[in-house]
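Residues per chain, in single letters:
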Amino acid sequence: MADIETSTVSEEGYASTSQVGEFDLQIDATDETGPNPNATLVATYASCYLPALRVGGSQRGEEELGTIQIDASAELDDDDDLESIAFDVHVEADLDDETAADIAERAEGICHVHSALREGLHADVSVYPGAF
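Looking up the chain in an unreviewed UniProt entry gives the name OsmC family protein, with the organism given as Halorubrum ruber.

So this is what it looks like as structure tokens:
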């Protein structure tokens, strides 16, 4: 049996609904009824990287990072394929640059989406401590 199972249905057009566990995820290639697949991938990557950042902080002895916000951006190539992803990570905790960089690097090793992406698509991460 698989570790993860989903079911995706499209009754017409380019919109689909994916059943993921008990949750419905609306995705639309035309951005009319939901986010497109590329945008969904970027958001999924950020939502995986954020808790990985908290774990990386704990490993570094920084248990209280406070509020964290990731502003993600992505560039598409001429075929509308993802070409690059960047994260601006705003962290409430007032970390020095070395600690912030170490936590960000640890998060890359923890984030499952980061591990699943081809190396050329890994996010370019900038961390801004003391942000809130």
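What follows picks up the thread again.
Chemist: An account of the overall build of the chain is needed here, citing residue identities and associated values.
Modeler: Along the chain, the regular secondary structure elements total 3 helices and 6 strands. Each helix and strand of the chain, ordered N terminal to C terminal, gives the series β-β-β-α-β-β-α-α-β. Its C-alpha atoms give the chain principal-axis dimensions of roughly 50 × 40 × 30 Å. Within the chain, buried positions represent 28% of all 132 residues. Surface accessibility of the chain: about 8,500 Å² in total, with carbon and sulfur atoms responsible for 46%. Counting 4 positive and 31 negative side-chain charges, the chain places the averaged centre of each group 13 Å from the other.

Chemist: Which residues make up empty space enclosed by the protein, and what are the values?
Modeler: Under the counting rule described, the total for this entry stands at 1 cavity of 30 Å³ or more. Counted as a void, the largest cavity has a volume near 30 Å³. Forming the walls of the largest cavity are Leu53, Leu65, Val91, Leu95, Ala100, Ile103 and Val127. Residues of the lining of the largest cavity, tallied by class, amount to 7 nonpolar, no polar and no charged.

Chemist: Please provide a residue-by-residue account of the sheet that holds strand E3 (residues 23–28), values included.
Modeler: Taken together, the 3 strands give an open sheet; going across it, the order is E1-E2-E3, and neighbouring strands pair in antiparallel fashion. Since the sheet does not close on itself, it has two edges, and those belong to strand E1 (6–9) and E3, each with one partner. Ignoring which end each strand starts from, the neighbouring axes of this sheet average 20° apart. Alignment of E1 against strand E2 (residues 15–20), held across 4 bridges, turns out to be antiparallel.

Rules used in this analysis
Residues numbered from 1 in each chain as written. Predicted model: local features only at pLDDT ≥ 70, side-chain atom pairs only at ≥ 80, totals over all residues. Heavy atoms only, no water. Helix = DSSP H or I, 4+ residues; strand = E, 2+ residues; numbered from the N terminus. Buried < 20%, exposed > 50% of the residue type's maximum accessible area, 1.4 Å probe, protein only. Areas by Shrake-Rupley, 256 points an atom, 1.4 Å probe, with all protein chains shown as cover. Lys, Arg positive; Asp, Glu negative; His and termini not counted. Charge placed at Lys NZ, Arg CZ, Asp CG, Glu CD. 1 Å grid on protein atoms, 1.4 Å probe; cavity = no way out; pocket = protein on both sides within 12 Å on 5 of 7 lines; lining within 4 Å. Points joined across faces, edges and corners; volume = space filled by probe spheres on them. Nonpolar A, V, L, I, M, F, W, Y, C, P; charged D, E, K, R; others polar. Pairing = 2+ DSSP bridges. Axes fitted to C-alpha atoms, helices over the stretch in contact; angles between N-to-C directions.

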